[in-house]
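Chains, contacts and geometry: an overview
Each chain is listed here by its residues.
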Amino acid sequence: MTKFTVEVRTESESLSLRAEAGEGRLIFVEEGSGLPDVIVQAFRPAMDIFYRAPEPLTPDELVEEVTIHVPQSLHTIPQGRLVPSSLDGLVLMQYVHPAFPAISPLAALAEILRITADVNFGLLQADNGGLLFVHRTGAERSAYASAHSLKTFLELPQGERESHFPNFHAMEVFVSGSDLNHFEHLDLEPITRARTISMEDLERCGEFASDLRTVVALDPPRYALMVGAARVYATIGGGL
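These numbers were taken from a predicted model, which means no experiment stands behind them.

What follows concerns empty space enclosed by the protein. Taken as a whole, this structure holds one cavity of 30 Å³ or more when the rule is applied. The calculated volume of the largest cavity comes to roughly 60 Å³. Residue lining of the largest cavity: V8, T10, E13, S14, L15, Q125, D127, G177, S178, P221, R222 and L225, and that is the complete set. Class assignment for the residues of the lining of the largest cavity results in four nonpolar, five polar and three charged.

Time to look at the environment of T58. Mapped onto the elements, T58 comes out in the loop between β5 (49-52) and α1 (59-69). Sequence separation between T58 and L87 is 29 residues; the distance between their C-alpha atoms is 9.9 Å.

What follows covers helix α2 (residues 105-116). Since the α-helix packs 3.6 residues into each turn, any two residues three or four apart lie on the same face. Between its first and last C-alpha, α2 extends 16 Å over twelve residues, near the 16 Å set by a 1.5 Å rise per residue. For α2, the side-chain oxygen to backbone nitrogen distance between the N-cap and L106 is 3.0 Å, and the N-cap itself is S104.

Reading guide: rules and limits
Residues numbered from 1 in each chain as written. Predicted model: local features only at pLDDT ≥ 70, side-chain atom pairs only at ≥ 80, totals over all residues. Heavy atoms only, no water. 1 Å grid on protein atoms, 1.4 Å probe; cavity = no way out; pocket = protein on both sides within 12 Å on 5 of 7 lines; lining within 4 Å. Points joined across faces, edges and corners; volume = space filled by probe spheres on them. Nonpolar A, V, L, I, M, F, W, Y, C, P; charged D, E, K, R; others polar. Helix = DSSP H or I, 4+ residues; strand = E, 2+ residues; numbered from the N terminus. Expected span 1.5 Å × (residues − 1). Polar contact = N/O pair within 3.5 Å; in protein donor to acceptor, adjacent residues only side chain to side chain.

Shown next as C-alpha cells:
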C-alpha cells in the first residue's frame, strides 16, 4: 500500500494525518509527524487570487490565465510558489510552500461531495476569514469564493446571500473548516437545511484507525479539507 502524510495549513495552524492507500481503500492510521508528502492550503482571501471566468476553463486556458494575471517574476516569491486551480468558472491561485506538492482546496471539497453527497448538495468551507462553496447537482458542479467570513455572511440579509453564492439553493449543505468551532447555530437560509460535517461523513471517504478516530471525532470540520485532499492524492497515485 502507498503510505503518505497529508497536511492542511491555515493561517493559525497546521494539522496532518498519516494515510495508507491501496486496493481501493484509504485508511487514516495516525496523526502525522515530520514533513508532509502533500499539502492542502485553506483558502486565504487576503492572499489568494480568486475571480470568476465567464466559462469553465480548460487546463491550457488556466495556464493562459496565470500568464495574463501574474507576471513571471511573481510565480515564486518568499511566500511560496503559485499554484492555480479552477472548478466550474471559479479561478483560484494560491501561493504554497515550494517544497511540497499541493492539492487545491477546490478539488478536495469536490471529492468530498462526490463521495458523501447525493443530488443537489453543497459544502461550505470556512477558513481564514473567507468562504469556499462547492455545489453538486447530479454530475454538474459549481464553485464560488467570498471574502466574507462565516460570521459576516450569517449576518447578511437572506436576500443578499445569493449575490455571493448564486447557486446556494440545495437540499442540504455541509459546513466545515477551522472557523466553525464557535458557531452553535447555522442559519443558512434560503437552503433547506445546513449542518456541520460529521465523523460519519468523513468515514464515507476513508477508514480511521480506532485511536485516530477518537481524535478526529472531537472536531470533524477541522479535518474535512485534509480528508478530501488525501483522497485526491491517493487517486492520482493510483491507490484508489
